[in-house]
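Listed here are the chains, written in short residue letters.
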Amino acid sequence: HFAAASLSRRSSGRRSACGRSCGKIFRHRWLPTSARNPDMAAPGRLLPEGKVAESWEVSCHPDGVSIIDNGRFRGMSFTDYLAAFGEKALGAGLTEFPLLVKLIDANDRLSVQVHPDDEYAAQFENGENGKSEMWYVLAAKPGAKMIYDLQQGVTQEEFAAAVKSGAMEGCFRY
């Protein structure tokens, strides 16, 4: 069990120049879960009623665009802000914000996910970019572990058989 910050890069090989933190900048998008972790409320955040799986901290994704929560641009969507300030906000050569910053409450096992590269995503994911991830673990209980790959030498056929039989644990690297 751990709480983690996940940075999901929604495009390949590009970095943003506007990843600075200046206190509470955005309103959070909360997604429900069956677990409730008080660590998600820290620092100085109030959780919504019910159980929370993750919050989208900074996002331009159509499923949850961040809203600026303070200063001169309070109430403006992050996408509108970036459209107005373009390269001044994003840096030279960028046309979209390449990150989705989340806090994830992992009080239970999470699903194993395989994310597409840019080529596959462009063809099969409604023109979206591929996705790679970076994780920063904020807190972990003793014995917590994270799957980061398959064991060396596991074939597609062996993995498919393990999925069918429910014996995937032995296929993973922790």
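In this text the structure is predicted, and so the values were computed from the model without any measurement.

A. Broad picture of the side chain of S66. Mapped onto the elements of the fold, S66 is located in the loop between strand 3 (52–58) and helix 1 (78–90). Polar side-chain contacts of S66 include one of 2.7 Å to the backbone nitrogen of S59.

B. Representation of helix 1 within the structure. The terminal C-alpha atoms of helix 1, which comprises 13 residues, lie only 11 Å apart, well short of the 18 Å expected from a rise of 1.5 Å per residue. Of all the bends in helix 1, the greatest measures close to 85° and is centred on A84. Every buried residue of helix 1 is listed here: F78, L82, A89 and L90. Positive phi appears at G91, one or two residues downstream of helix 1, with a value of about 100°.

C. Just the nonpolar core, in detail. Membership of the largest hydrophobic core is limited to nine residues, which are V58, C60, F78, L82, A89, L90, L94, F97 and V101. At four residues, the largest contribution of residues to this core is made by helix 1.

D. How the structure looks around the confidence of the model for the chain. Chain-level pLDDT for the chain is 74 on average; 70% of the residues reach the 70-or-more range. Here strand 1 (residues 2–9) stands out as the element of the chain with the lowest mean pLDDT, 38, in contrast to helix 3 (residues 156–165), whose mean of 95 is the highest. For the stretch residues 1–24, pLDDT sits under 50, and the model shows 93 contacts to residues farther than four places along the chain or on other chains. In the predicted structure, residues 32–36 sits below a pLDDT of 50 and forms 19 contacts with residues beyond four places in sequence or in another chain.

Cut-offs applied
Residues numbered from 1 in each chain as written. Predicted model: local features only at pLDDT ≥ 70, side-chain atom pairs only at ≥ 80, totals over all residues. Heavy atoms only, no water. Helix = DSSP H or I, 4+ residues; strand = E, 2+ residues; numbered from the N terminus. Polar contact = N/O pair within 3.5 Å; in protein donor to acceptor, adjacent residues only side chain to side chain. Expected span 1.5 Å × (residues − 1). Bend = angle between axes of the 7 residues up to and from the residue. Buried < 20%, exposed > 50% of the residue type's maximum accessible area, 1.4 Å probe, protein only. Core = buried A, V, L, I, M, F, W, Y, C linked by side-chain atoms within 4.5 Å. pLDDT = per-residue confidence, 0-100. Contact = heavy atoms within 4.5 Å.

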